[in-house]
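Here are the chains, one letter per residue:
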Amino acid sequence: MTELNHSMPVELEAWAQSQWQQWWSHLNPSQQEKIQDDRLKSQFFRAVVGSEYFSQTLLKNADDALDWLVAVANQSLSSAMLMDDIRQQCAGVQNSDELDRALRMSRKKYMLAIIFLDLNRITDCVQTTALVSTLASTCLQVALDFHYSQMTSRFGVPMGRESGQAQPMLIIGMGKLGGGELNLSSDIDLLFAYPESGETQGAKKSIDNQTFFNRCGQAVINSLNTITADGFVFRVDMRLRPYGQSGALTSSFAALAVYYQTQGREWERFAMVKARVVASVVAGERESIIEQSIEELDELLQAFTYRKYIDFSVIESLRNLKDLINQEVRRRALDDDVKLGAGGIREIEFIVQTFQLIRAGRQHTLRERSLLAAMQRLRDLNYIDAEDGAMLKAAYLFLRNLEHLLQAWRDEQTQQMPTDSLAIARLAWLMGCSSSEEFKSAFEQHRRSVHQAFLDVVADPDHEKQTEWQVLWKTSQKSQVTWLQSEEPEVDEPPEVFCLLQDFREQRSIQLLGANARANLDIVLPVILSQVESNEVLKRLLDWLAAIAGRSVYLTLLVENPEIIASLVNLFGSSSWVAEQLTQSPSLLDELLNEESLYRIPSKDWLATELRQQLLRIPEDDLEVQMDALRYFKQSHSLKVAASDLSGKRELMKTSDYLTYLAEVILTEVLALAMTEMSRQYGQPEGDFIMVGYGKLGGIEMSYSSDLDLVFIYQADPQATTPGPKSIDYHTFYTRLGQKIIHLLTTRMNSGQLYEVDMRLRPSGSSGLLVSTMAAFERYQKENAWVWEHQALVRARVVSGAPQLAEQFAQLRQRVLASERDQNLVREEVLKMRDKMREHLLKPGNLSKFDLKQGVGGIVDIEFMVQYAVLAWAHQVPELAKYTDNIRILDALQAEQRIGADSAQFLIDTYQTYRMAAHRLALQQQPAMIDADCYIEERQRVQAIWQSIFSL
């Protein structure tokens, strides 16, 4: 076989020969005979060496697959052949199981052929991506045709309420599928749409159009996405639909228009550049309806994507997008990622799409979905000069070919460059390079060129000035660097700071630093030393530096952003909690870089959008990485809250609002993730589900260490069963959904856990069912709940889930709290519960300290007064049962003259003062205990108001 690999790097040859001989030996003589031709043998050699997936899959199906691949090698492969063959293979299927198996067999057959053709460069990069895209769209069309037919047989044809016409279902391909550019292991980003609302006609059981299309869409997803004994077809990602995972699976054109006009974000415009209908179906021979619908949908989406004016605002949006990606690259160590790393495929896409979004509102010829076609249009119109255009095209083809090699190896969705020398040598040979060094040099050169072009597009006008300032800063530190590197001073007892530095130098992470990282440390550390005033704070900072030293990118960030060192010193001095968070998760340093966002008060919608963007960049089936991203999101925003809290730039109510909104958007995504996981296994239920927050979450008073008091409620027939392959009754489904939610929230990972969860406030407490129907919850509240459970209900509200069921809960809560009660009995039960809490939670004997929460005249006393007032008087003053937070209830008590204005305002001010002190102690990881001589007048007056309220 020497003649087949004359250009193979020496270090690869022995391994490649071994792989080939091992594979060849597993073929029988008749199979070997089929590829004796030198040309064929050379091609199979490249495929076996280049793809472990190819070699193993081919051996399992050698008899049929060898004949097929030999024919492909001799005749190549066209998209038309692929489409006709798959349709023929699936034409006779009788049920979903047969369809799913036929699709998976077709996928395996054609992936073998496409990998074989690509590795041998029989097809070029553009042809390869076109074939994979055709494979995906054909499988989608076949699955859609089958399931739509099944649905119409059962429920009739979906009809438009206004037009009276049969309604088509359209599947929109986003991203690389929309551009016809799928790589060898792409997932497919989809939207499902239909023109009009209405109902089905022509069958005994009629359902509304959205339910029809939801079920049809879910069936299509299951046929492609579900992993069976035969594998899968394509991973399906629906997170680009309106409202993401929490949104409806399918949308009418009207719903899409409303969303994109009122809710659409700038990053969604980038996603829409490539959007196109890749599969469609309608009952009967009504192609004109489909054509008309596609035209209407294209007009709707392009009106959102492209502005009618030259739109330079997209550059700032691109900067923000890229900043988010850079944070993810650092957090997940993706520096050498062919797609996401600096100078990677994503930056080329961003360059081209930015020009499209700026200009294509007026220059309609730029509305190309294919990146290379759009790039050529930009060159023709002189928006990109010929030299840069040639460079970007060459880099794009190089990186896409490399991406295919990475994914062909094991049919894995990866773009990460390997680190072992053998894998690098294999890539070098397959890429046509004579050595690993030549390959790595070409790879780095392409990345440098692309990254520079990207910086030219998104350059900050102050970038050059900042760079000059950094140079001056480094120069000004030389004397301190010299001092730091000096020998131990001649003193009998070295100062503590010197001992700390000696211990720091001896840590393994510091000992192993490379030359560049050590040079950066020599710049950063003297700056820290010049600003730190406490050895305790210095110790925290040195522990943090030791934790981040292994990732030199963070030291580089400090060198390039020296202004944040002062913020770090201040934060580490103000809060041991902040120091611990940054030491455990060094990537949180990114959150300190943008002072504007650090002190900004985001809305709940803004937080939800940011979290959705971050999760969209993670494969939908990679639950572990999604869980890690959720934890990072919580940590990063908790850090921002703490930083602004410690700076005095945020008032208490805003801090609690921020932390509460943060919990709510996380819970919404956790519910969506859990529902996706459950539906994939059991099918999508036809019911509603809500999460009710109690305590600090329900009262919008979250702090840094708050756990989540949750209750799960659903509304559906508990005896009905789910429609999936593993059908279970609805109560079991929602119970497992609740368990999955708790698992996602509480599982401890390297990045910690999201929240502690307390479910003891559910009906019947720890002995009760994990989830309740709304009817059962209402029955319990009216017939069996204790007074203390109604106290808890005062601070209960829906924090995530179905809006209609949430409204039902709000109405039920209002009715229960506004019920007339025996005031003497309520007073007696509330006082009894308060005494019991003090007995169990207030530590006796420490007369030098006051417990801010449980002490007499403390936080809980104020909360109990508020809760008692609601239960005792809400039947006369319904306004008291409207709110769940103590401040607004106290405002209502004052407005309704149930307590005096001075007393109400005093309780509000004191409650906020206590909670602010508790927040600050939490940031120092201290219990909520203060010196006993603090707040004496406040405590005494709280006790006096307590006496007056409970005597009314």
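Residues numbered from 1 in each chain as written. Predicted model: local features only at pLDDT ≥ 70, side-chain atom pairs only at ≥ 80, totals over all residues. Heavy atoms only, no water.

## Comments concerning the overall build of the chain
Just so we agree on the cut-off: Put simply, DSSP H or I for four residues or longer makes a helix, DSSP E for two residues or longer makes a strand, and each gets a number counted from the N terminus. Categorising residues by exposure relies on relative accessible area from a 1.4 Å probe, with only protein chains included: less than 20% of the type maximum marks a residue as buried, more than 50% marks it as exposed, and the intermediate range marks it as partly exposed. Two residues qualify as a contact provided that any one of their heavy atoms is within 4.5 Å of a heavy atom in the partner residue. The Shrake-Rupley method, run with a 1.4 Å probe sphere, supplies the accessible areas, and residue values consider only the shown protein chains as cover. Two residue types count as positive, namely Lys and Arg, and two as negative, namely Asp and Glu; His and chain ends fall outside the count. By convention, the point assigned to a charge is CZ for Arg, NZ for Lys, CD for Glu and CG for Asp.
Scanning the chain from terminus to terminus reveals 42 helices and 14 strands. Structurally, the chain occupies a C-alpha span of about 100 × 95 × 60 Å along its principal axes. For the chain, with 952 residues in total, the buried portion stands at 56%. For the chain, the proportion of contacts with a sequence separation of at least 24, taken over those separated by at least 6, is 75%. On the chain, roughly 40,700 Å² of surface is accessible, and the fraction owed to carbon and sulfur atoms is 47%. For the chain, the centre of its 97 positive side-chain charges and the centre of its 126 negative side-chain charges are spaced 3 Å apart.

## Focus on the environment of Ser-534
With respect to the element layout, Ser-534 can be found in the loop between helix H24 (515–531) and helix H25 (535–548). Distance from Ser-534 to Gly-573, taken between C-alpha atoms, is 7.9 Å for residues 39 residues apart in sequence.

## Details of the pattern of salt bridges
Worth spelling out the cut-off: A carboxyl oxygen of Asp or Glu within 4 Å of a side-chain nitrogen of Lys or Arg is what we treat as a salt bridge.
Scanning all chains against the criterion turns up 34 salt bridges. Note that Arg-760 and Asp-758 form a salt bridge whose closest N and O atoms lie 2.6 Å from each other. Overall, the relative accessible area of 12% leaves Asp-758 in the buried class. The partner of Asp-861 in a salt bridge is Arg-838, and the shortest N-O contact between them spans 2.7 Å. One end of the pair, Asp-861, is in helix H39 (residues 859–873); the other, Arg-838, is in helix H38 (residues 823–841), and 23 residues separate them in sequence. Its relative accessible area of 3% is what places Asp-861 among the buried residues. Since its relative accessible area comes to 18%, Arg-838 is described here as buried. The structure contains a network of salt bridges with shared partners spanning Lys-696, Glu-701, Arg-795 and Glu-863.

## A few points about the side chain of Asp-758
Here is the rule: In protein, a polar contact means a hydrogen-donor-capable atom and an acceptor-capable atom, both N or O and within 3.5 Å, with residues adjacent in sequence counting only if both atoms are side-chain atoms; elsewhere, any N or O pair within 3.5 Å suffices.
Among the secondary structure elements, Asp-758 is positioned in strand S10 (residues 757–758). Here the side chain of Asp-758 touches Arg-760 through a polar contact of 2.6 Å, side chain to side chain.

## Focus on empty space enclosed by the protein
Put simply, the test is: A 1.4 Å probe that fits but cannot get out identifies a cavity on a 1 Å grid over protein atoms alone, an open set with protein on both sides within 12 Å along at least five of seven lines counts as a pocket, and a residue lines either if it has an atom within 4 Å of a point. Grid points are joined across faces, edges and corners, and a volume is the space filled by probe spheres set on the points. The classification used treats Ala, Val, Leu, Ile, Met, Phe, Trp, Tyr, Cys and Pro as nonpolar, Asp, Glu, Lys and Arg as charged, and all other residues, Gly among them, as polar.
Summed over the entire model, instances satisfying the criterion amount to seven cavities of 30 Å³ or more. If you add up the space inside the largest cavity, you get close to 80 Å³. In this structure, the largest cavity is lined by Met-272, Val-273, Ala-275, Asp-298, Leu-301, Gln-302, Thr-305, Tyr-306, Arg-367 and Arg-369. Here the element with the most residues in the lining of the largest cavity is helix H13 (residues 287–305); it accounts for four residues. Looking at the lining of the largest cavity, its residues break down into five nonpolar, two polar and three charged.

## Focus on the state of the cysteines
Defined as follows: Any pair of cysteine sulfurs within 2.5 Å is marked as a disulfide.
Scanning all chains against the criterion turns up zero disulfides. Cysteine Cys-125 shares no disulfide, and the gap to the nearest cysteine sulfur, in Cys-433, comes to 16 Å. Judged by its relative accessible area of 6%, Cys-125 is buried. The thiol of Cys-216 is unpaired, and the distance to the nearest cysteine sulfur, on Cys-90, comes to 16 Å. Given the relative accessible area of 0%, Cys-216 is considered buried.

## Considerations on the pairing of strand S7 (residues 276–281)
Successive residues of a regular strand alternate their side chains across the two faces of the sheet. The condition that has to hold: DSSP calls a pair of strands paired once it identifies at least 2 bridges connecting them.
In terms of burial, S7 is a largely internal element, five of the six residues being buried. In terms of strand pairing, strand S2 (residues 169–173) meets S7 through five bridges, oriented antiparallel. From the neighbouring strand, Met-169 faces S7, where its bridge partner is Val-281.

## Side note on helix H17 (residues 386–408)
Under the convention used in this document: Each helix should span, by expectation, one fewer than its residue count multiplied by 1.5 Å.
Over its 23 residues, H17 extends 33 Å from the first C-alpha to the last, a length consistent with the 33 Å expected when each residue adds 1.5 Å. In this structure Asp-385 caps H17, since a side-chain oxygen of it lies 3.2 Å from the backbone nitrogen of Glu-387.

## Side note on the packing of aromatic side chains
What counts is decided by this rule: When two rings of Phe, Tyr or Trp (its six-membered ring) have centres within 6.5 Å they constitute a pair, described as stacked for plane angles under 30 degrees, edge-to-face for angles over 60, and tilted for the intermediate range.
Counted by the stated rule, this structure contains 32 aromatic pairs. Taking the centre distance of 4.9 Å and the plane angle of 50° together, the rings of Phe-44 and Phe-116 count as tilted. A residue pair is termed long-range when its members are at least 10 positions apart, and Phe-44 in helix H3 (residues 38–50) and Phe-116 in helix H7 (residues 96–119) qualify at 72 residues. Phe-44 gets classed as buried once you look at its relative accessible area, which sits at 0%. We classify Phe-116 as buried; its relative accessible area is 0%. Ring geometry for Trp-946 versus Phe-950: centroids 4.4 Å apart, planes at 40°, classification tilted.

## Focus on the nonpolar core
Rules: Side-chain atoms within 4.5 Å link the members of a nonpolar core, which is a set of buried Ala, Val, Leu, Ile, Met, Phe, Trp, Tyr and Cys residues.
Core analysis: the biggest nonpolar cluster contains 129 residues, and Phe-44, Phe-54, Leu-140, Ile-188, Leu-402 and Phe-439 have the highest contact counts within it. For this core, the element with the most residues is helix H8 (residues 125–155), which contributes 13 residues. When near neighbours in sequence (up to four residues on either side) are disregarded, Leu-140 contacts Ile-171, Leu-177, Ile-188, Leu-190, Val-220, Leu-224, Val-278 and Ala-279. Judged by nonpolar contacts, the second largest core, of 96 residues, contains Leu-558, Ile-564, Ala-663 and Val-799.

## Considerations on helix H16 (residues 371–380)
As a reminder, the rule being used: Arc definition: directions from the helix axis to the C-beta atoms.
Among all positions of H16, only Leu-371, Leu-372, Ala-374, Met-375 and Leu-378 are buried. For H16, the arc enclosing every buried residue in end-on projection is 160°, short of the 170-degree limit, so these residues lie on one face. Looking at the packing, one finds that the buried side of H16 touches H8, helix H15 (345–359) and H17. Looking one or two places after H16, you find Asn-382, whose phi comes out positive at around 65°.

## Overview of unusual backbone geometry
Phi is positive for Arg-121, close to 55°, though the residue is something other than glycine. Assignment of secondary structure puts Arg-121 in the loop between H7 and H8. You can call Arg-121 partly exposed: its relative accessible area is 33%. Positive phi, close to 70°, is recorded for Tyr-243, a residue that is not glycine. Looking at the secondary structure, you find Tyr-243 in the loop between strand S5 (236–237) and strand S6 (250–252).

## Focus on a negative patch on the surface
Cut-off, in case you're wondering: What makes a patch is a set of residues exposed beyond 30% relative accessible area and free of salt bridges, joined within 9 Å when like-charged and within 5 Å when nonpolar (Val, Leu, Ile, Met, Phe, Trp, Tyr).
Judged by side-chain charge, Asp-385, Glu-387, Asp-388 and Asp-456 come together as a negatively charged surface patch. Its location among the elements puts Glu-387 in helix H17.

## Observations concerning the packing of helix H1 (residues 10–25) against H3
Rules: Every axis in this analysis is a line fitted to C-alpha atoms, fitted for helices over the stretch in contact. Angles between the N-to-C directions lie between 0 and 180 degrees. Convention used here: angles under 35 degrees read as roughly parallel, angles over 145 as roughly antiparallel, angles from 65 to 115 as roughly perpendicular, and any remaining angle as oblique.
As a packed pair, H1 and H3 sit with axes 10 Å apart at the nearest point and diverge in direction by 105°. The angle between H1 and H3 places the two elements in the roughly perpendicular class. Across the interface between the two elements, Trp-15, Ala-16, Gln-19, Trp-20, Trp-23 and Trp-24 of H1 pack against Lys-41, Phe-44, Phe-45, Val-48 and Val-49 of H3. Across the contact of H1 with H3, the residue classes break down as nine nonpolar, one polar and one charged.

## What about the pairing of strand S12 (residues 797–801)?
In terms of residue burial, S12 counts as a mostly covered element, since four of its five residues are buried. Pairing of strand S8 (residues 688–694) with S12, which is carried by four bridges, proceeds in the antiparallel orientation. Bridging from a neighbouring strand, Gly-693 pairs with Arg-797 of S12.

## Regarding the confidence of the model for the chain
So the rule is basically this: pLDDT: the predictor's confidence for each residue, scored from 0 to 100.
With 91% of its residues at a pLDDT of 70 or more, the chain shows a mean pLDDT of 86. Per-element confidence in the chain ranges from a low mean pLDDT of 33 for helix H20 (residues 463–476) to a high of 97 for S2. Segment residues 1–6 is flagged for pLDDT under 50; beyond a separation of four residues in sequence, or across chains, it makes 14 contacts in the model. A low-confidence stretch, residues 460–494 stays under pLDDT 50, and its non-local contacts, those more than four residues away or across chains, total 32 contacts.

## Here's the deal with the environment of Thr-365
Note that Thr-365 resides in the loop between H15 and H16. Considering only alpha carbons, one finds Thr-365 and Arg-377, twelve residues apart in sequence, at a separation of 7.3 Å. If sequence neighbours within four positions are ignored, Thr-365 has contacts with Arg-377 and Leu-381.

## A short note on the side chain of Arg-821
For Arg-821, the location among the structural elements is in the loop between helix H37 (803–817) and H38. Nearest to the buried, unbridged Arg-821 among oppositely charged side chains is Glu-820, at 9.8 Å. Looking at Arg-821, its side chain comes within polar contact range of the side chain of His-790, at 3.2 Å. If near-sequence neighbours (up to four positions away) are discounted, Arg-821 is found in contact with His-790, Val-816, Val-826 and Leu-871.

## Description of the environment of Glu-199
Note on placement: Glu-199 falls in the loop between strand S3 (188–194) and strand S4 (200–201). When neighbours within four sequence positions are excluded, Glu-199 is seen to be in contact with Val-157, Pro-158, Met-159, Ser-206, Ile-207, Asp-208 and Asn-209.

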